Amino acid sequence: MYTVKLYNNIAKAGLDQFTDQYEIGDDKTNEDAIVVRSANLHDIDYNPNLKAIARAGAGVNNIDIETCTKKGIAVFNTPGANANAVKELVFAGMLLASRDIYNAITWAKSQTDNPNLAKDMEKQKKKYAGHELAGKTLGIIGVGGAIGRRVANAALRFDMEVHGYDPYMTVDAAWSLSRWVKHENTMESVLKDADFVTIHIPQTPDTMNTINKETISQMKDGVKILNMARGGLVNEEDMLEALDSGKVAIYVTDFPTPKLAAHPHCIPIPHLGASTAESEENCAVNAAKEVMDYLEYGNIANS
Ligand code: MLT
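Here the structure is a predicted model, which means the values were calculated and not measured.

**Student:** Could you clarify how one ought to interpret the overall build of the protein chain in this entry?
**Tutor:** Helix and strand content of the protein chain: 12 helices and 12 strands. Along the first, second and third principal axes, the C-alpha atoms of the protein chain reach 70 × 50 × 35 Å. By the burial criterion, 39% of the 303 residues in the protein chain qualify as buried. Across the protein chain, contacts joining residues at least 24 apart in sequence account for 61% of those joining residues at least 6 apart.

Dropping the structure here:
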């Protein structure tokens, strides 16, 4: 029998299938494993018994990886389990960036007492006119990951041209990409032609500020940038400056800061990328399986 701590009951659904093998723990000093979503796990030194931590999600930057490495604590994540949810939010973001849907809806909602609504609606057509995704070029930074691949293949179905960059692409990942996705050898060659840039890489010390003054200067004027990955991948000050000058027409981010959220050309989303019922269940089930498989058999496999 193993003791597993569940933050916010996150993996309860997943662990229910292992009821004979685990009990829920709340004594911080003896849990065998922890399953966590967003809670901060940078203080785990207190538990000499801890063997594994599973993150029900892709990013592991809420976990103290250095201490885990030193102490031999296995860390799991579930990179594929929420990839579809994130992919869909990328397209919601691209559509919001292309069609002025948000302002148009806000206008329509303010017209509840307007007896001339039908006539006035016609007058809004020009004001809220937008652009189509078809025919535009999408540049994907991190095209070989679980999300990047899905975004690439879905963009082709919107009749977009897709260019991708990923220095760590595996052979499997390459095979799962349509041959219509153009894989570039440098990030710059993806950035220079893209009408939209979307970023799907983990945030690490090496990738912090990947989108900065210099990389933005390599992009087209009026580019639209999407970040559903992590806030630190984009330099806040450089982005604000690029939004002010119009170099970046729109920045859609799932990780807004107060300054970015306030900018008229930023579309801030409050970290909803993985927040669908399907994704939460997938992540919970996969995280639970990873932990139990490790505790029982010593298997190490992310999903
Ligand atoms: C992830 O890293 O996959 C997401 O941040 C998951 C979440 O929203 O908790």
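**Student:** Can you help me understand the site of the ligand in this one?
**Tutor:** Lining the immediate environment of the ligand, one finds R37, S38, G57, A58, G59, N82, H271, G273 and A274. Among the residues making up the shell around the ligand, the classes are represented as 2 nonpolar, 6 polar and 1 charged.

**Student:** Would you mind going over unusual backbone geometry with me for this structure?
**Tutor:** Negative phi values dominate among residues other than glycine, just as trans dominates among peptide bonds. Here D159, not a glycine, exhibits a phi torsion of approximately 60°, which is positive. The residue D159 is located in the loop between α6 (146-157) and β7 (161-165) in this model. Backbone geometry at N209 places phi at a positive 60°, although glycine is not the residue there. Turning to its location among the elements, N209 is positioned in the loop between β9 (196-199) and α9 (213-217).

**Student:** What is the right way to look at the pairing of strand β10 (residues 223-227) in this model?
**Tutor:** Put simply, side chains in a regular strand alternate between the two faces of the sheet. In terms of burial, β10 is largely enclosed, as 5 of its 5 residues are buried. Pairing analysis gives 5 bridges linking β10 to strand β11 (residues 248-253), with the strands arranged parallel. Residue pairing for β11: L226 is matched across the bridge by V252. With helix α10 (residues 236-245) bridging β10 and the parallel β11, this β-α-β connection has right-handed handedness.

**Student:** Looking at this structure, how should I read the pairing of strand β8 (residues 181-184)?
**Tutor:** Direction of pairing for β7 relative to β8: parallel, over a ladder of 4 bridges. From the neighbouring strand, G164 faces β8, where its bridge partner is H183. Chirality of the crossover, the property in question, places the unit of β7, helix α7 (residues 171-176) and β8 among those that are right-handed.

**Student:** Explain the sheet that holds β10 here, please?
**Tutor:** Adjacent strands of a sheet pair through backbone hydrogen bonds, lying either parallel or antiparallel. Spatially, 7 strands are ordered β8-β7-β6-β9-β10-β11-β12 in an open sheet, and the strand pairing comes out parallel. At either end of the open sheet lies a strand with only one pairing partner, and these are β8 and β12 (266-268). The average angle at which neighbouring strand axes cross in this sheet is 20°, direction not considered. Contacting β6 (137-141), β7, β8 and β9, α6 crosses the sheet at an angle of about 165° to β7. Along the sheet, α10 contacts β11 and β12; its crossing angle with β11, the most-contacted strand, is approximately 135°.

**Student:** Honestly, the environment of K213 in this entry has me stumped. Any pointers?
**Tutor:** If you trace the backbone, K213 turns up in helix α9. It is 9.7 Å that separates the C-alpha atoms of K213 and V234, two residues lying 21 residues apart in sequence.

**Student:** Sorry if this is basic, but what is going on with the nonpolar core here?
**Tutor:** Nonpolar side chains in soluble globular proteins generally cluster together in the buried interior. Grouped together as the largest cluster of nonpolar side chains are 73 residues, with contacts concentrated most on A33, V35, A54, V197, A287 and V291. Composition of this core by domain shows at least three residues from each of domain 1 (2-78 + 277-297) and domain 2 (83-268). Sequence-distant contacts of V291, defined by excluding residues within four places in its chain, comprise V4, A33, V35, A52, A54 and F76.

**Student:** Explain the domain arrangement of the protein chain here, please?
**Tutor:** Each assigned domain of the protein chain is listed here: domain 1 (2-78 + 277-297) and domain 2 (83-268). Its C-alpha centre places domain 1 at a distance of 32 Å from the equivalent point of domain 2. At the interface, 4 residues of domain 1 touch 5 residues of domain 2. Residue classes in the side of domain 1 that touches domain 2 are distributed as no nonpolar, 3 polar and 1 charged.

**Student:** I tried to follow the environment of G164 on my own but got confused; where do I start?
**Tutor:** Looking at the secondary structure, you find G164 in strand β7. Taking the C-alpha atoms as reference, G164 lies 18 Å from E88; in sequence the two are 76 residues apart. Sequence-distant contacts of G164, that is, excluding residues within four places in its chain, are made with I140, V143, G148, A152, V181, H183, E184 and V190.

**Student:** What is the right way to look at α6 in this model?
**Tutor:** Because an α-helix completes one turn every 3.6 residues, residues spaced three or four positions apart along the sequence face the same direction. Counted at 1.5 Å a residue, the expected span for α6 with its 12 residues is 16 Å, and the 18 Å between its end C-alpha atoms agrees. All buried positions along α6 are accounted for by A146, I147, G148, R149, V151, A152 and A155. The inward-facing, buried residues of α6 contact α3 (83-98), β6, β7, α7, β8 and β9.

**Student:** Is there a simple way to think about the packing of α3 against α6 in this case?
**Tutor:** Two quantities define a packed helix pair, namely the angle between the axes and the distance from one axis to the other. Viewed as axis vectors pointing N to C, α3 and α6 meet at an angle of 50°, and their least axial separation amounts to 9 Å. Between α3 and α6, the angle falls in the class oblique. The two elements α3 and α6 cross, and the hand of that crossing is right-handed. On α6, the residues touching A83, N84, V86, K87, V90 and F91 of α3 are A146, I147, R150, V151 and A154.

Definitions and cut-offs
- Residues numbered from 1 in each chain as written.
- Predicted model: local features only at pLDDT ≥ 70, side-chain atom pairs only at ≥ 80, totals over all residues.
- Helix = DSSP H or I, 4+ residues; strand = E, 2+ residues; numbered from the N terminus.
- Buried ≥ 20, exposed ≤ 12 C-beta atoms within 10 Å, placed from the backbone.
- Contact = placed C-beta atoms within 7 Å.
- Near = placed C-beta within 6 Å.
- Nonpolar A, V, L, I, M, F, W, Y, C, P; charged D, E, K, R; others polar.
- Pairing = 2+ DSSP bridges.
- Right-handed = clockwise from strand over helix to strand, strands pointing away.
- Axes fitted to C-alpha atoms, helices over the stretch in contact; angles between N-to-C directions.
- Core = buried A, V, L, I, M, F, W, Y, C linked by C-beta atoms within 7 Å.
- Domains from an automatic or database assignment.
- Expected span 1.5 Å × (residues − 1).
- Parallel < 35°, antiparallel > 145°, perpendicular 65-115°, else oblique.
- Left-handed = near helix turned anticlockwise from the far one by under 90°.

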